[in-house]
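# An overview of the molecular structure
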Amino acid sequence: MTTSTTPHPLFPGFDDLDLGALSRRTGVKWARAVEAGALPSWVADMDFPVAPEIRDALKDVIDRGDLGYPNWLGGTPLRAEFARRMSDRYGWQVDPADVREQTDLIQALQLILHLGTRPGDAVVIQTPNYPPFLATIETMGRRTVEFPFVDTENGWALDFDEFERTLARNRPKVLVLVNPHNPTGRVHTRGELERIAELAERYGLLVISDEIHAELIYQPHRHIPFASISEDASSRTVTVTSAGKTFNLAGLRCAVLHYGPTDLLAVRDNEPPDLYGAVSVLGVVGSLAAWQHGQAWQDTLIRVLDRNRARVYDVLTRALPEARHHLPEATYLSWVNVSALPVDDPIDRIRRAGHVLVDGGAPFGKAGDRFIRINFATSEALLDRVLSGITVALTGEHPDPAAPSTELDPCTLT
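Report follows, based on the coordinates.

What counts, and at which threshold
Residues numbered from 1 in each chain as written. Predicted model: local features only at pLDDT ≥ 70, side-chain atom pairs only at ≥ 80, totals over all residues. Heavy atoms only, no water. Salt bridge = Lys/Arg side-chain N within 4 Å of Asp/Glu carboxyl O. Helix = DSSP H or I, 4+ residues; strand = E, 2+ residues; numbered from the N terminus. Buried < 20%, exposed > 50% of the residue type's maximum accessible area, 1.4 Å probe, protein only. 1 Å grid on protein atoms, 1.4 Å probe; cavity = no way out; pocket = protein on both sides within 12 Å on 5 of 7 lines; lining within 4 Å. Points joined across faces, edges and corners; volume = space filled by probe spheres on them. Nonpolar A, V, L, I, M, F, W, Y, C, P; charged D, E, K, R; others polar. Phe/Tyr/Trp six-rings, centres within 6.5 Å; stacked < 30°, edge-to-face > 60°. Contact = heavy atoms within 4.5 Å. Polar contact = N/O pair within 3.5 Å; in protein donor to acceptor, adjacent residues only side chain to side chain. Expected span 1.5 Å × (residues − 1).

## Considering the pattern of salt bridges
- Going through the model one piece at a time under the given rule, you end up with 27 salt bridges.
- Of the charged contacts, one joins D66 and R64 as a salt bridge, the two residues approaching to 2.9 Å between their closest N and O atoms.
- The salt bridge partner of R165 is E162, with a shortest N-O separation of 3.0 Å. Of this pair, R165 and E162 both sit in helix α7 (residues 160-170), three residues apart, roughly one helical turn.
- For R165, a relative accessible area of 43% puts it in the partly exposed group.

And the structure:
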């Protein structure tokens, strides 16, 4: 069996990943990679095992046979736990009565747009952005208004003068705010959030604030919930988050929404109770275990990702000096501008010549053209193989001739 095990892993459980075991996973990240004979560095799933506390909590439910109808007449216990976590981590006081559950962030966005807008309404969104968000706005018949980040010497920035002109020209009804931002890895400062809040109030915007990456932030940066900025910001913001991103639980399908607009919450609660689905017992149990008992695992995760983001930055700066990129302030994703390289389709080239799957390009919006997104949430050894494959594909030169091949043979990884 082919492995990527290091003799003495720096972070046991994170750096001693087995390539054969990973390749047998049936989730989309590895299944599509094995089909393509490539290493996956694309969709935002991590390769690390489930935190022991979460695994034990899920196993306990199954061992008890406690998978019948849940006793959640007053809502799941995630409502109170979310309020406690927001208070403890950010000093943001939340009433659990204003919290609801949905299966994931995409459904949450679709629900809020369905309840709070009509076809033809304009929705302003920072670009580049998460492709399913952009696709949602388009397929729901809303009008997408892109507000691009600006690439500066000091990192990704917002041009607020242009933002105000965009708002005045298009008069959107909704702002989709992604903070921390996917894919650039930017964490908005308090000053930036205050300016956004001022503009949201002036132009009467409903704000949908995606904060799912809030607990994947690197020092000295800090997350500030947008709804905590002011009383007005709170009253117009629906905050959406989940334990799924930080603890790699996307398949459990469980997210929470805090409704600042009381009228929108009333509209939601007047709908048939199960019209928009319901979260599962395992989704709630796993999320509770993550938030209540997963801190030690999360602390180690941040150390691993902090090391890995530096590794990506250092290797690409040396091996691809023409590529432009910034050290991400949050997330486990690097957003790299490869437009200066003489490659027509960098994503296809990396797959074919480097045997690595990456994301990027037009699905992230017009501002995403000629960019690649690299997922670095994997072991040190696998990350080096990913970076070697990208370098080989884009330059034809191998940064480390002794490194193993990045090509996967599906026949041998079973």
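## Description of the layout of surface pockets
- In this structure, the largest pocket encloses a volume near 1100 Å³.
- Elements supplying a minimum of two residues to the lining of the largest pocket: α2 (28-36), α5 (105-116), α6 (131-139) and β13 (356-360).
- Tallied by class, the residues present in the lining of the largest pocket amount to 25 nonpolar, nine polar and nine charged.
- Quantified by volume, the second largest pocket comes out at close to 510 Å³.
- If you go around the second largest pocket, you meet 18 residues; those closest to its centre are W72, R79, E101, P273 and D274.
- Among the elements of the structure, β2 (99-102) and α10 (262-269) are those that each provide at least two residues to the lining of the second largest pocket.
- Grouping the constituent residues of the lining of the second largest pocket by class yields seven nonpolar, four polar and seven charged.

## Looking at the packing of aromatic side chains
- Under the criterion given, the structure shown has ten aromatic pairs.
- Plain terms: the ring middles of F14 and W297 are 5.5 Å apart, the flat faces sit at 40° to each other, and that makes the pair tilted. Here F14, found in the segment before α1 (19-23), pairs with W297, found in helix α12 (residues 295-319); they are 283 residues apart in sequence, far enough to count as distant.
- For F14, a relative accessible area of 5% gives the class buried.
- Ring geometry for F247 versus W297: centroids 5.7 Å apart, planes at 25°, classification stacked. Separated by 50 residues along the polypeptide, F247 in the loop between β9 (237-241) and β10 (255-259) and W297 in helix α12 bring together distant segments of the chain. W297 matches F247 in its accessibility class, with the two residues each being buried.
- An aromatic cluster of at least three residues, connected via ring pairs, comprises F14, F48, F247 and W297.

## Let's talk about the environment of H326
- When you line up the elements, H326 lands in the loop between β11 (324-325) and β12 (333-337).
- You can call H326 buried: its relative accessible area is 16%.
- For the pair H326 and T239, spaced 87 residues apart in the sequence, the C-alpha separation amounts to 27 Å.
- Dropping the residues within four chain positions of it, H326 is found in contact with D151, T152, E153, G155, W156 and Y313.
- Only 2.5 Å separates the side chain of H326 from the side chain of D151, close enough to count as a polar contact.
- A distance of 3.5 Å separates the side chain of H326 from the backbone oxygen of T152, its partner in a polar contact.

## Considerations on the side chain of R307
- If you trace the backbone, R307 turns up in helix α12.
- On the basis of relative accessibility, which here comes to 18%, the residue R307 falls in the buried class.
- Of note is the side chain of R307, whose polar atom sits 2.7 Å from the side chain of D15.
- Within polar-contact distance, the side chain of R307 engages the side chain of N308 at 3.0 Å.
- Not counting the four nearest positions on each side in its chain, R307 is found in contact with L10, F11, D15, S379 and E380.

## Things to note about helix α11 (residues 281-293)
- The terminal C-alpha atoms of α11, which comprises 13 residues, lie 18 Å apart, in line with the 18 Å expected from a rise of 1.5 Å per residue.
- Burial of α11 is extensive: ten of the 13 residues sit out of reach of the surface.
- Residues of α11 that are buried sit in contact with α3 (52-64), α4 (78-90) and β10.

Bear in mind that shape data such as this cannot, by itself, settle questions of function.
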